[in-house]
Each structure stands twice: as C-alpha cells, then as structure tokens.
Amino acid sequence: MGLREQKKLQTRHAIHEAALALFLERGFDAVSVAEVAAAAQVSKMTVFNYFPTKEDLVLAPMEEQMNADAAEILGERRPGESIVAASRRAFLERLERRSPDTGLDDGQMLQDLLYLVRNTPSLMSRLYMIQVFAEERLAQLLEAEAPGDPRAPIVASQLTALWRRLQVMNTRRLVAGEAADDVYPDAVATANVGFDLLETGFGTYLTRADP
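Residues numbered from 1 in each chain as written. Predicted model: local features only at pLDDT ≥ 70, side-chain atom pairs only at ≥ 80, totals over all residues. Heavy atoms only, no water.

With respect to the side chain of Gln111
For Gln111, the location among the structural elements is in helix α6 (residues 108-118). Of note is the side chain of Gln111, whose polar atom sits 2.8 Å from the backbone oxygen of Asp105. Residue contacts for Gln111: discarding those within four places in its chain leaves Asp105, Asp106, Leu174 and Val175. (Helix = DSSP H or I, 4+ residues; strand = E, 2+ residues; numbered from the N terminus. Polar contact = N/O pair within 3.5 Å; in protein donor to acceptor, adjacent residues only side chain to side chain. Contact = heavy atoms within 4.5 Å.)

Overview of the pattern of salt bridges
Applying the stated rule across the entire model yields 16 salt bridges. Between Arg88 and Glu199 there is a salt bridge, and its shortest N-O distance comes to 2.9 Å. Highlighted residues: Arg88 in helix α5 (residues 83-96) and Glu199 in helix α9 (residues 180-200), separated in sequence by 111 residues. A salt bridge links Asp181 to Arg98, with the shortest nitrogen-to-oxygen separation between them at 2.8 Å. Within this pair, whereas Asp181 is found in helix α9, its partner Arg98 is found in the loop between α5 and α6, the two being separated by 83 residues in sequence. A single network of salt bridges, built from pairs that share partners, joins Asp69, Glu72, Arg94 and Asp101. (Salt bridge = Lys/Arg side-chain N within 4 Å of Asp/Glu carboxyl O.)

Let's talk about the UniProt feature "domain: HTH tetR-type" (unreviewed entry) in the protein
The UniProt entry lists residues 9-69 under the feature "domain: HTH tetR-type" (unreviewed entry), expressed in the numbering used here. As annotated, residues 9-69 comprises 77% helix and 0% strand, and the C-alpha atoms at either end are separated by 20 Å. (UniProt positions renumbered as here; feature names shortened; annotations may be inferred.)

Describing the domain arrangement of the protein
Each domain of the protein was delimited in the assignment, giving domain 1 (1-51) and domain 2 (54-203). Computed from C-alpha atoms alone, the centre-to-centre distance between domain 1 and domain 2 is 27 Å. Facing the 14 residues of domain 1 at the interface are 15 residues of domain 2. A combined buried area of about 1,300 Å² lies between domain 1 and domain 2, and 76% of that area is made up of carbon and sulfur atoms. A per-residue breakdown of the area domain 1 buries against domain 2 is headed by Leu24, Phe28 and Phe51, which together make up 46% of the total. Inspection of the domain 1/domain 2 interface yields 1 salt bridge. One salt bridge in this structure joins Glu64 and Arg12, with 2.4 Å as the shortest N-O distance. Put simply, domain 1 and domain 2 have 4 residue pairs in polar contact (both at pLDDT 80 or more) between them. Broken down by secondary-structure element, the contributors of at least two residues to the side of domain 1 that touches domain 2 are α1 (3-26) and α2 (33-40). (Domains from an automatic or database assignment. Buried area = accessible area lost by both parts, 1.4 Å probe.)

Here we look at the packing of helix α8 (residues 151-175) against α9
In the contact formed by α8 and α9, the axes pass within 10 Å of each other and the chain directions differ by 160°. Considering the angle they form, α8 stands roughly antiparallel to α9. Considering the relative orientation of α8 and α9, their crossing is right-handed. Side by side, α8 and α9 meet where Gln158, Leu159, Leu162, Leu166, Met169, Asn170, Arg173 and Leu174 of the first sit next to Ala180, Val183, Asp186, Ala187, Thr190, Ala191, Gly194, Phe195 and Leu198 of the second. Residues belonging to the contact of α8 with α9 are distributed by class as follows: 11 nonpolar, 4 polar and 2 charged. (Axes fitted to C-alpha atoms, helices over the stretch in contact; angles between N-to-C directions. Parallel < 35°, antiparallel > 145°, perpendicular 65-115°, else oblique. Left-handed = near helix turned anticlockwise from the far one by under 90°. Nonpolar A, V, L, I, M, F, W, Y, C, P; charged D, E, K, R; others polar.)

Digging into the side chain of Thr120
Here Thr120 is to be found in the loop between α6 and α7 (121-145). By relative accessible area, which is 4% here, Thr120 ends up buried. Not counting residues within four places of it along the chain, the set of residues in contact with Thr120 comprises Phe28 and Asp29. (Buried < 20%, exposed > 50% of the residue type's maximum accessible area, 1.4 Å probe, protein only.)

Re unusual backbone geometry
In this structure, Gln41 is a non-glycine residue whose phi angle is positive, near 60°. The exposure class of Gln41 is exposed, given its relative accessible area of 74%.

Concerning a nonpolar patch on the surface
A surface patch of nonpolar side chains, amounting to about 370 Å² of accessible area, comprises Tyr128, Met129, Val132 and Phe133. Looking at the element boundaries, Met129 is found in helix α7. (Patch = residues over 30% accessible without salt bridge, like charges linked within 9 Å, V, L, I, M, F, W, Y side chains within 5 Å. Areas by Shrake-Rupley, 256 points an atom, 1.4 Å probe, with all protein chains shown as cover.)

Structural notes on the packing of α5 against α8
Between α5 and α8, whose axes approach to 11 Å, the crossing angle comes to 20°. In terms of orientation, α5 and α8 fall into the roughly parallel class. α5 and α8 meet at a crossing whose hand is right-handed. Across the interface between the two elements, Ile83, Val84, Ser87, Ala90, Phe91, Arg94 and Leu95 from α5 touch Val155, Leu159, Trp163, Leu166 and Asn170 from α8. By residue class, the composition of the contact of α5 with α8 is 9 nonpolar, 2 polar and 1 charged.

Below you can see the structure in the form of structure tokens.
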C-alpha cells in the first residue's frame, strides 16, 4: 500500500472514530456532520467523500466487512466442502474468538454501539438495508458459480437468515447481563442445530402427531 492509500485510510479511520465518540456521548441525532468534521479536523465535504450518508459514519465498516466475509467464506471452501459446511466452520471459528459478527463480543465499546443503533430509528433502517444487500451479494456470488441454478438465491437467503438469528440470540443474552464465556457453549450448540437443519432440511420439523 502506497503512502497516498495509507493517508486515505488514516483519514477515514479518524473520521469514523470521531463520529462514534460524539454519537456515543450525545446521541446520533444530536450531532451534526459539521461537528464530526470539526472533531476529525477535516472539512464537511471530506466527511461526505468518505461516508456518503450520516448513517454510513456508523455502519459503513460493518457493511464492508459483511461483503468481504461472504466472498472469503465462499473462496476458502475446502475440497468437497459445501457452502453450508463452510459457513458453519466460519461461524464456529468466529464464535471461538468472540467475533462481533456472531453477537458474542461483550466488549463495552461494541455493546455501546449496539445500544446506539437499537435506539436510533434511522440506523436501524440502514442496518436492515445492509442485511438485505448482504443477502443479495451472497446470492450473486453463488449464482456466479452456478448460473441459472434457482437454489442459489434460496440458499443465500437461508444462510443469511440463520447467521442473523444466531447473532441476535447471542446478543440478547449479553444484553441481559450474561458473559460471553458463559454463553459460548450454548452458542456453539445452537449454531450446530441451525446448520444441521440447513444441511438436512426442515421436512419433518414440527410434524403433527396423530390424534
């Protein structure tokens, strides 16, 4: 990476960090983009050059990571490994290291950020759209490997939904006051149940018993 690219990354990081500090201190709606620019010692136009919307100041890094993760998981499959198996392996590995995208990171900074998002309607709306676009991005990657296969978008939808639900279940327990290390065994077991369902299908789930 050249010096110019390094400088751009440093500037972007400084803007992001300045924005988060102000938002966490005063609330998202109470802080203007101009105030973020002043705190980062850049112009308002520079802020928008790096982050097209105010919501991007909080959520753009998450969106970029989600897109990168999809390509990484797909590209790092082992010989003979399905996308479901690769996703299971990736999720379990991230659970073990308490990665934020599993919902099992109980660090204070992340918990404060989640609180900010949950209590800001515009951020919640933006997060929903990020999840929609992430699902579409995964579908495109799968369709590129299997052109014309109608299963590709369905698999993308199910994988995205499972990952999101596991993340929410773990986050809820942390918000309730449990420690990540205490939640971890249940998180692993639940993740395996979820991926087992994707691998074997839902055909017999909740079959009504004979009267």
